[in-house]
Amino acid sequence: LEQNSSIGSSKESEETEIMHEKCPVSGADVMLTPLERAPKNVFAFTKTQLTEKSEVVKTPAATVTTTTKVVTTSRGWRNIFSLPISYDVNMVAHGTLFDTVNSQLLD
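The structure displayed is predicted, hence computed values, not measured ones.

1. What to know about a nonpolar patch on the surface
- Taken together, the side chains of Trp 77, Phe 81, Leu 83, Ile 85, Tyr 87, Val 89 and Met 91 define a hydrophobic patch exposed on the protein surface, amounting to about 620 Å² of accessible area.
- Looking at the secondary structure, you find Met 91 in the segment after strand S6 (86-90).

Written out as structure tokens, the structure reads:
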């Protein structure tokens, strides 16, 4: 699990640590932001994943290359405990839970 951190200061001079990691399953970039109510073990996260697909079609007149890039972003919360347990709660947009276009179902 690859992880980077950056520290910023708020108005109250409290330090807020935002962590960045790479999802080991999907390869998505994950940004974890601590929540005020439990900054040590509850984080809001944003996952951003880029999927790229190229298609080459050869015709007698030309070769056409079509590249499609899809950027998907999902949000949720992660709870981390002192035990070796953690879990993510992903939010799914209303009406897309069973939509086959929803890439969250495949990750």
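Back to the write-up after that little detour.
2. Considering the pairing of strand S4 (residues 42-58)
- Where strand S3 (residues 29-34) meets S4, six bridges bridge the pair, whose relative direction is antiparallel. Looking across to S4, one finds that Thr 33 is bridged to Ala 44.
- The loop that links S4 with its antiparallel partner strand S5 (residues 63-80) comprises four residues.

3. Some thoughts on the packing of aromatic side chains
- Here the structure, examined in full by the defined rule, presents zero aromatic pairs.
- Positioned over the ring face of Phe 45 is Arg 78, at 5.9 Å from the centre of the ring.

4. Remarks on the nonpolar core
- Ranked by size, the top nonpolar core spans seven residues in total: Met 19, Cys 23, Ala 28, Val 30, Leu 32, Phe 43 and Phe 45.
- Residue assignment for this core shows that the elements contributing at least two residues are S3 and S4.
- Contacts of Cys 23, omitting those with residues within four sequence positions, involve Ala 28 and Val 30.

5. Points about the side chain of Arg 78
- With respect to the helices and strands, the residue Arg 78 is situated in strand S5.
- A polar contact of 2.7 Å, which involves the side chain of Arg 78, links it to the side chain of Glu 21.
- The contact partners of Arg 78, leaving out residues within four places of it in the chain, are Glu 21, Val 30, Leu 32, Asn 41, Val 42, Phe 43, Phe 45, Tyr 87 and Asp 88.

6. Thoughts on the pattern of salt bridges
- On inspection of all chains with the given rule, the structure shows two salt bridges.
- Where Arg 78 meets Glu 21, a salt bridge forms, and the shortest distance between an N and an O atom there is 2.7 Å. Here Arg 78, found in strand S5, pairs with Glu 21, found in strand S2 (residues 15-22); they are 57 residues apart in sequence, far enough to count as distant.
- Lys 22 serves as the salt-bridge partner of Asp 29, at 2.9 Å between the closest nitrogen and oxygen.

Criteria and cut-off values
Residues numbered from 1 in each chain as written. Predicted model: local features only at pLDDT ≥ 70, side-chain atom pairs only at ≥ 80, totals over all residues. Heavy atoms only, no water. Patch = residues over 30% accessible without salt bridge, like charges linked within 9 Å, V, L, I, M, F, W, Y side chains within 5 Å. Areas by Shrake-Rupley, 256 points an atom, 1.4 Å probe, with all protein chains shown as cover. Salt bridge = Lys/Arg side-chain N within 4 Å of Asp/Glu carboxyl O. Helix = DSSP H or I, 4+ residues; strand = E, 2+ residues; numbered from the N terminus. Pairing = 2+ DSSP bridges. Phe/Tyr/Trp six-rings, centres within 6.5 Å; stacked < 30°, edge-to-face > 60°. Lys NZ or Arg CZ within 6 Å of the ring centre and 35° of its normal. Core = buried A, V, L, I, M, F, W, Y, C linked by side-chain atoms within 4.5 Å. Buried < 20%, exposed > 50% of the residue type's maximum accessible area, 1.4 Å probe, protein only. Contact = heavy atoms within 4.5 Å. Polar contact = N/O pair within 3.5 Å; in protein donor to acceptor, adjacent residues only side chain to side chain.

Honestly, that's just the spatial picture; any functional story needs more than this.
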